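Observations on chain architecture
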Amino acid sequence: MKYWEEAREGLLVHEDRRVVYLNPKAAQLLGVEREKVLGKPLLLALRDHRLEALALFGGERVLEVRGRWLSVRALPGALYLLDETEERTRRLGLEEAAQVLAHEFRTPLAGILSLLEALTPRGPEEEAVLAHLKAEARRLARLVEDLSLEGRRPGRVFDLEELWPRLQALLRERLQGRAVLYEAKGEVRADPDAVFQALLNLLDNALKYGQDPVRVVSFREEGRLHLEVRDQGPPLEAYEPLFLPGHRGFQGGLGRGLGLYLVRRLSGTWGGGAYALRREGENAFGVYFPLDWKKEA
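Residues numbered from 1 in each chain as written. Predicted model: local features only at pLDDT ≥ 70, side-chain atom pairs only at ≥ 80, totals over all residues. Heavy atoms only, no water.

**Topic: the pairing of strand 2 (residues 18-22)**
- Of the strand pairs in this sheet, strand 1 (residues 10-15) and strand 2 are connected by 4 bridges, and their pairing is antiparallel. Each bridged residue has a counterpart across the sheet, and for His14 the counterpart in strand 2 is Val19.
- What sits between strand 1 and strand 2 in their antiparallel hairpin is a turn of 2 residues, with Asp16 showing a positive phi close to 50°. (Pairing = 2+ DSSP bridges. Helix = DSSP H or I, 4+ residues; strand = E, 2+ residues; numbered from the N terminus.)

As structure tokens, this is what we get:
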């Protein structure tokens, strides 16, 4: 039991409805003193009939217990407790941030679309530019609506190779003189606009703060297809905090710190996720896609 004395997860061991062992973390989460509940009835330590039922009959639930959100897992004779209060609060904060973003962006985008519709091109070249601007504004408007929704949204099957011509068209000037290699391919099922925006944000960060060559690659691993933007920049102190709204960790980069937060938010719309890490001497920022749709096809 030495490990459990310092564990971050709470453990309560019981037998014949009496407490046999309680580690310090469990005592803290349950708000009891170990010495006063050891050997005593289980309910005296748990002080919650829902917890007692889980302990006796097994199962797994997330419960609000005395002001904390606990992930509770019950196995025969043992009850495991993990405090998810901070994580739950963070998720609610991210959800609120997404709603605020959607609200703030909706009105100016509607105005931009109205202005573009009012413009009259004076030739084929201007007409092509105006059509491109309208298409991008509508795409952003759809993404704003996506931010205001929860859960997975339907998409279509497409190949990641389709995204590169669109990226080249939008980033033409910024790509000049840069060593950018696009090697991503493979079919995924998602909203192409959402994937395009996520990849655009990742590539934008690499072009701003990374070092050439910048590579966009894809690979399969454990039933997922990964799409990564890698660069030769130096290792970063921490990667995960970069996905929090308002966090800027790229060598003092400017901006609101929303790019990677939006990448993670968008990746949830296709049932995937977003991550960053140091891989083989490169900084890798990526998203992944589930491939379970192939089983359904």
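Now that the structure has been shown, we can carry on.
**Section: the environment of Gly272**
- Tracing the chain through its elements places Gly272 in the loop between helix 11 (259-267) and strand 11 (273-279).
- Taking C-alpha positions, Gly272 is 8.7 Å from Arg224, a pair spaced 48 residues apart along the chain.
- Gly272 has contacts with Ser267, Tyr288 and Pro290, leaving out every residue within four places of it along the chain. (Contact = heavy atoms within 4.5 Å.)

**Some remarks on the sheet that holds strand 2**
- Here 5 strands make up an open sheet; going across it, the order is 2-1-5-4-3 and the pairing antiparallel. In this open sheet, the two edge strands, each paired with only one partner strand, are strand 2 and strand 3 (59-65). Strand-to-strand twist in this sheet, taken as the mean axis angle between neighbours without regard to direction, amounts to 25°.
- As paired strands, strand 4 (residues 68-75) and strand 5 (residues 78-83) are joined by 6 bridges and run antiparallel to one another. Across the sheet, the residue bridging to Ser71 is Leu82, located in strand 5.
- Packed on one face of the sheet, helix 5 (residues 49-57) meets strand 1, strand 3, strand 4 and strand 5 and runs near 165° to strand 3. (Axes fitted to C-alpha atoms, helices over the stretch in contact; angles between N-to-C directions.)

**A closer look at the nonpolar core**
- Judged by nonpolar contacts, the single largest core of 43 residues is most densely connected at Leu160, Tyr182, Val195, Leu203, Leu227 and Phe289.
- By residue number, the principal contributor to this core is helix 10 (residues 192-209), which donates 10 residues.
- Counting residues in hydrophobic clusters, the runner-up holds 22 residues, among them Leu42, Ala45, Leu63 and Leu81. (Core = buried A, V, L, I, M, F, W, Y, C linked by side-chain atoms within 4.5 Å. Buried < 20%, exposed > 50% of the residue type's maximum accessible area, 1.4 Å probe, protein only.)

**Notes on the packing of aromatic side chains**
- Scanning the model with the defined rule gives 5 aromatic pairs in all.
- Each ring, one from Trp4 and one from Tyr80, has its centre 5.8 Å from the other, and the planes form 45°; the classification is tilted. Highlighted residues: Trp4 in helix 1 (residues 2-5) and Tyr80 in strand 5, separated in sequence by 76 residues.
- Among the residues examined, Trp4 registers a relative accessible area of 17% and is labelled buried.
- For the ring pair Tyr239 and Phe285, a centre distance of 6.2 Å and an interplane angle of 50° mean the geometry is tilted. A residue pair is termed long-range when its members are at least 10 positions apart, and Tyr239 in the loop between strand 10 (224-231) and helix 11 and Phe285 in strand 12 (residues 282-290) qualify at 46 residues. (Phe/Tyr/Trp six-rings, centres within 6.5 Å; stacked < 30°, edge-to-face > 60°.)

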